[in-house]
Amino acid sequence: MASYIIEGGRKLEGEVDISGAKNSALPIIAGTILNGGISKLYNVPNIHDTKMMFRILEELGCKVKKDKNKYIIDSSRLNSCDIPEDLMREMRSSVIIAGALIGKNRKACFSCPGGCDIGSRPIDLHLKAFKELGINISEDSGRIECSADNINGSKIRLDFPSVGATENIILSSVLAEGETTIINAAMEPEIVDLQNFLNRMGAKIAGAGSNVIVINGVKKLKDVSYNIIPDRIEAGTFLCMTAMNGGEVKLNNVISEHIEPVIQKLEDAGCKLNIIHNGIELKAPKRLRAVDIKTMPYPGFPTDMQSIFGTIMTVAKGTSIVIENIFENRFKYLDELSRMGAKYTIEGRTAIIKGVRKLNSANVRAKDLRGGISLVIAGMYANGKTKVDNIEYILRGYDNLDNKIRSLGGRIHLYNE
Ligand code: EPZ
């Protein structure tokens, strides 16, 4: 079990390079199955979840090689459509590999991903869409088998703009017969990145970034090289980290329009932000002002930033209302923060956070990825030494985190028990 030991009370100064986007890399890695050839991916974040996705591709017969700053994937020897149960359970977002397998070989077998730390995370929208594409689905003791003679393009209206379901429909229909239209599609920047990657392979997709996406099936896809966009949630994380702890930082490799809602809320809270070419600068105020947030599908305030922003509001001047509209169980970080002196009440999907002047160091435990990084940020603020356990959750989504924090003047060390 690994932990971070963090010494609080230090302002942050300097600059940090933001890594490639986890939630872009994962569907794009799945998409490398589709060309049955070579894909060269640049700016892939070096995190647990991308390593897991590469491991699954290798289990399915693909060859994966890391060569300096790129990964080379050869999917020409794909020889299985059966996603290993243990790896599926380890990472629920691997369900998007199913879409790619169906798209390429008209067949996929995988386990129900099951819930995770932030909610039940069903895949009913994925399965409903597969059926509308003419895919036969059978389920037996937790394993789901999908198969189709042909995939016929169709018009699919999503009940909810699910990111994963949108990605799975795209992945399973790029090589289908005819045209597929997704209505009420997710509009996240990672969907646009997936479209751009697949179109670079020779797919014919249009509309990503809007709520209507049209995929015209093609016969074959070619080898590709592609550079993954920067991680907007990592950028938001470092902005909030500095906003709470004080100081002035510059982030490189940021597409600022991807985090406009977060920028707006940080300005409302008293931060000075300056958008520069391919980056962003933030100067923290002496003390943050309380502001309200409610999470929404993109382009609303991102759910992945909810726990991070809620954390910085625990020491703001005033009371903040945080409403979580996307996942049903994403306030667990507050239980841990109460051990450090945070004051809040929770009513259903609403947390009411009353800002306090200081937090005390404590032993706390990460329970999910974004809740975990939130505890690190709080530990950087609290007086004394805070120990954050179960940091495996955090290593799933943040590349080289402790070195980046130390480069800004923070005091954090990895501790393996
Ligand atoms: C993606 O998860 C991201 N993960 C999540 O980031 C992110 O929080 C989420 O999108 C929302 O932006 C990756 O991209 C790997 P959804 P995903 O399908 O695709 C419900 C992080 O911290 N739903 O948009 O699973 C679901 O339960 C992670 O980086 C159904 O009901 O999100 C949730 O309440 C966490 N049925 C809501 O929709 C379905 O079939 C949003 O889920 C699918 C989803």
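Provided above is the structure to which this section pertains.
Asks: I'm lost on the site of the ligand in this one. Help?
Replies: Asp-124, Leu-125, Ser-162, Asp-304 and Ile-326 are the nearest of the 24 residues found near the ligand. Arg-92 places a side-chain nitrogen or oxygen 3.4 Å from an oxygen atom of the ligand. Note that an oxygen atom of the ligand is positioned 3.3 Å from one of the side-chain N or O atoms of Arg-330. Starting from 820 Å² of accessible surface for the ligand in isolation, the protein chains cover 87%. Secondary structure elements with two or more residues in the shell around the ligand: helix 1 (22-31), helix 5 (124-132), helix 6 (163-173) and helix 12 (369-381). Grouping the constituent residues of the shell around the ligand by class yields 10 nonpolar, 6 polar and 8 charged. Both domains that meet at the shell around the ligand, namely domain 1 (2-19 + 230-416) and domain 2 (22-226), each give it at least three residues.

Asks: Even after reading the chapter, I still don't get the environment of Gly-99, so can you show me in this structure?
Replies: Note that Gly-99 resides in helix 4 (residues 95-105). For Gly-99 and Ser-173, which are 74 residues apart along the polypeptide, the C-alpha to C-alpha distance reads 8.4 Å. Residues in contact with Gly-99, not counting those within four places in the same chain, are Phe-130, Asn-168, Leu-171 and Ser-172.

Asks: Is there a simple way to think about the pattern of salt bridges in this case?
Replies: Oppositely charged side chains can pair when the atoms bearing their charge come close. What the rule picks out here adds up to 16 salt bridges. For the salt bridge of Asp-74 with Arg-77, the shortest nitrogen-to-oxygen distance reads 3.9 Å. Residue classification places Asp-74 among the buried positions, given a relative accessible area of 16%. A salt bridge links Asp-402 to Arg-406; the shortest N-O distance between them is 3.8 Å. Of this pair, Asp-402 and Arg-406 both sit in helix 14 (residues 401-407), 4 residues apart, which is roughly one turn of that helix. Taken together, the salt bridges that share partners define one network made up of Asp-67, Lys-68 and Lys-70.

Asks: Sorry if this is basic, but what is going on with the pairing of strand 5 (residues 70-74) here?
Replies: It is a general feature of regular strands that their side chains alternate between the two faces of the sheet. Across the 5 residues that make up strand 5, a large majority, 5, are buried. Taking every second residue as pointing to the same face, both faces of strand 5 are buried, with Lys-70, Ile-72 and Asp-74 on one and Tyr-71 and Ile-73 on the other. Where strand 3 (residues 38-42) lies against strand 5, 5 bridges are found, and the strand directions are antiparallel. Paired with Ile-38 across the two strands is Asp-74, which belongs to strand 5. Where strand 4 (residues 63-67) folds back onto strand 5 in an antiparallel hairpin, the turn is made up of 2 residues, including Lys-68, whose phi is positive at roughly 55°.

Asks: When you look at the packing of helix 10 (residues 306-313) against helix 12 in this model, what are you seeing that I'm missing?
Replies: Relative orientation and spacing of two packed helices are given, respectively, by the angle between their axes and the distance between those axes. Between helix 10 and helix 12, whose axes approach to 8 Å, the crossing angle comes to 25°. Taken as axis vectors, helix 10 and helix 12 run roughly parallel relative to one another. Our pair here, helix 10 against helix 12, has a crossing hand that is right-handed. For the pair helix 10 and helix 12, the contacting residues are Ser-307, Ile-308, Thr-311 and Ile-312 in the first and Arg-370, Gly-371, Ile-373, Ser-374, Ile-377 and Ala-378 in the second. Split into classes, the residues belonging to the contact of helix 10 with helix 12 amount to 5 nonpolar, 4 polar and 1 charged.

How each quantity is defined
Residues numbered from 1 in each chain as written. Predicted model: local features only at pLDDT ≥ 70, side-chain atom pairs only at ≥ 80, totals over all residues. Heavy atoms only, no water. Near = heavy atom within 4 Å. Polar contact = N/O pair within 3.5 Å; in protein donor to acceptor, adjacent residues only side chain to side chain. Areas by Shrake-Rupley, 256 points an atom, 1.4 Å probe, with all protein chains shown as cover. Helix = DSSP H or I, 4+ residues; strand = E, 2+ residues; numbered from the N terminus. Nonpolar A, V, L, I, M, F, W, Y, C, P; charged D, E, K, R; others polar. Domains from an automatic or database assignment. Contact = heavy atoms within 4.5 Å. Salt bridge = Lys/Arg side-chain N within 4 Å of Asp/Glu carboxyl O. Buried < 20%, exposed > 50% of the residue type's maximum accessible area, 1.4 Å probe, protein only. Pairing = 2+ DSSP bridges. Axes fitted to C-alpha atoms, helices over the stretch in contact; angles between N-to-C directions. Parallel < 35°, antiparallel > 145°, perpendicular 65-115°, else oblique. Left-handed = near helix turned anticlockwise from the far one by under 90°.

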